[in-house]
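# Structural features, examined
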Amino acid sequence: MKRKITLKQIARELDVSISTVSKALSNSKEISEDTTQKIQAFAKLYNYKPNNIALSLKNRKTKTIGILIPEIVHHFFSTVIRGIELIANRRGYNVIVGLSNESFTKEIINMEMLANGSIDGFILSISKETLLKQDYHHFNATISQGMPIVMFDRVVNEVDCDKVIVDDFNGAVKAVNKLVEKNCKHIALITTMDYVSVGRLRTQGYIEALKVNKMIADSNLILKIDDSLDENHLEDLELEIEQFLKINSDIDGVFAVNELYAVTAMKVARKLGRSIPDDVQVIGFTDGVLSKHATPSLTTVSQHGQKIGEQAANLLIDRLGSEDTEYDEYIIDNDRKTDFIKVVIETEIIERESTK
């Protein structure tokens, strides 16, 4: 198999400039026909294929940011997009939004489509299926080809890039501490499966807060919801939470890792004849539309989604503006040490009617 060859190698072999090679391969009229034929024949011999991502980065900027999110209906993601757009427009960039719908395959397809000369860089939150598979090759491949990525909310250590995260752990600690302050003695947790990083961190924060308050972290008081039980399967979600609350009739406080679980828990508790907040107090995570308009209104941990979006946009645009590396088609200087930034956004408790 013939080795892959770069513009630099073609230029060196034929004793011409990189610019001459690039123009000849693009059939530029600036290059003589003889030189063009010679360069194109050499490139064909070695199966040269240009990398569209690298060429886009080197030769032209689209002034467009690609945003890839797991779902559009989630209030948190819509506020993040608002923050990204605010900064992007202020700094002369446009945005394109793609949806993974929590799918590993769709995430890859969206990235390949957008990276093919359409955008300058990505701001993204990882799909649940990707987190479950623990397969991040498409992120690393994109970065190695010269296209910067900023991850937010759902991030992984296996990918070296700038990141903006919510302080999920301490947000959960604050929520449980608030329930303890409100004299809750049997505090339950409704959470996701552990492979979703934010759910895992919020679960850890719940356990730590109980420990600090000298309360027992009873595994029977932790309900882990399968991710298939979402807005499209509300009856099944309600049934699972109802069984959980029936079995644990002494629960007087609930911390839920998202507002859907929290609002559903309130609905089920009231169905079982328990008053909110007199019998059961509830705190959710994410201060969205459901939280404000629930009955009673929901006390929540605010993630400050717009601030996350603003920080992510600034990080990416700063990274794009500082790029001075001469990108080649197959070789990016992977040995070059880059100091990546992790921004942690603090949370706050928004108190409403679901707590005393």
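Quick notes on the rules
- Residues numbered from 1 in each chain as written.
- Predicted model: local features only at pLDDT ≥ 70, side-chain atom pairs only at ≥ 80, totals over all residues.
- Heavy atoms only, no water.
- Pairing = 2+ DSSP bridges.
- Helix = DSSP H or I, 4+ residues; strand = E, 2+ residues; numbered from the N terminus.
- Axes fitted to C-alpha atoms, helices over the stretch in contact; angles between N-to-C directions.
- Contact = heavy atoms within 4.5 Å.
- Phe/Tyr/Trp six-rings, centres within 6.5 Å; stacked < 30°, edge-to-face > 60°.
- Lys NZ or Arg CZ within 6 Å of the ring centre and 35° of its normal.

Turning our eyes to something else, we now look at the sheet that holds strand β10 (residues 299-302). Ordered by their spatial adjacency, six strands build an open sheet running β7-β6-β8-β9-β10-β12, and the pairing between neighbours is mixed. Across the chains shown, the open sheet's two edge strands, defined by having one partner strand only, are β7 (222-225) and β12 (348-350). The sheet shows a mean angle of 20° between the axes of neighbouring strands, direction not considered. Sheet analysis places β10 next to β12, joined by three bridges and oriented antiparallel. Bridging from a neighbouring strand, Thr300 pairs with Ile350 of β12. Packed on one face of the sheet, helix α9 (residues 168-181) meets β6 (187-192), β8 (253-256), β9 (281-285), β10 and β12 and runs near 170° to β9. In this fold helix α11 (residues 234-247) packs onto β6 and β7, with an angle of close to 165° to the strand it touches most, β7.

In this structure the tally under the stated criterion is five aromatic pairs. On the numbers, 6.1 Å between centres and 70° between planes, the contact of Phe77 with Phe152 is edge-to-face. Separated by 75 residues along the polypeptide, Phe77 in helix α5 (residues 75-90) and Phe152 in strand β4 (residues 149-152) bring together distant segments of the chain. A network of ring pairs unites the aromatic residues Phe76, Phe77 and Phe152 as a single cluster. The cationic tip of Arg202 hangs over the ring face of Phe285; the distance from NZ or CZ to the ring centre is 3.7 Å.

What follows is about the sheet that holds strand β1 (residues 64-69). Strands in a sheet are paired, the pairing made by backbone hydrogen bonds, and the direction either parallel or antiparallel. If you trace the six strands from one edge of the open sheet to the other, you get β2-β1-β3-β4-β5-β11, paired in parallel fashion. Only two strands of the sheet have a single partner each, and these edge strands are β2 (94-99) and β11 (342-345). Taking each pair of neighbouring strands and ignoring which way they run, the sheet shows an average axis angle of 15°. Inspection of the sheet shows strand β5 (residues 162-166) paired to β11 by four bridges, in the parallel sense. Residue Val166 lies in a different strand from β11, and its bridge partner there is Ile345. On top of the sheet, helix α8 (residues 137-144) reaches β3 (121-124) and β4; it is set at about 145° to β4, its chief contact.

Such coordinate-based values are descriptive only and should not be taken to indicate function.
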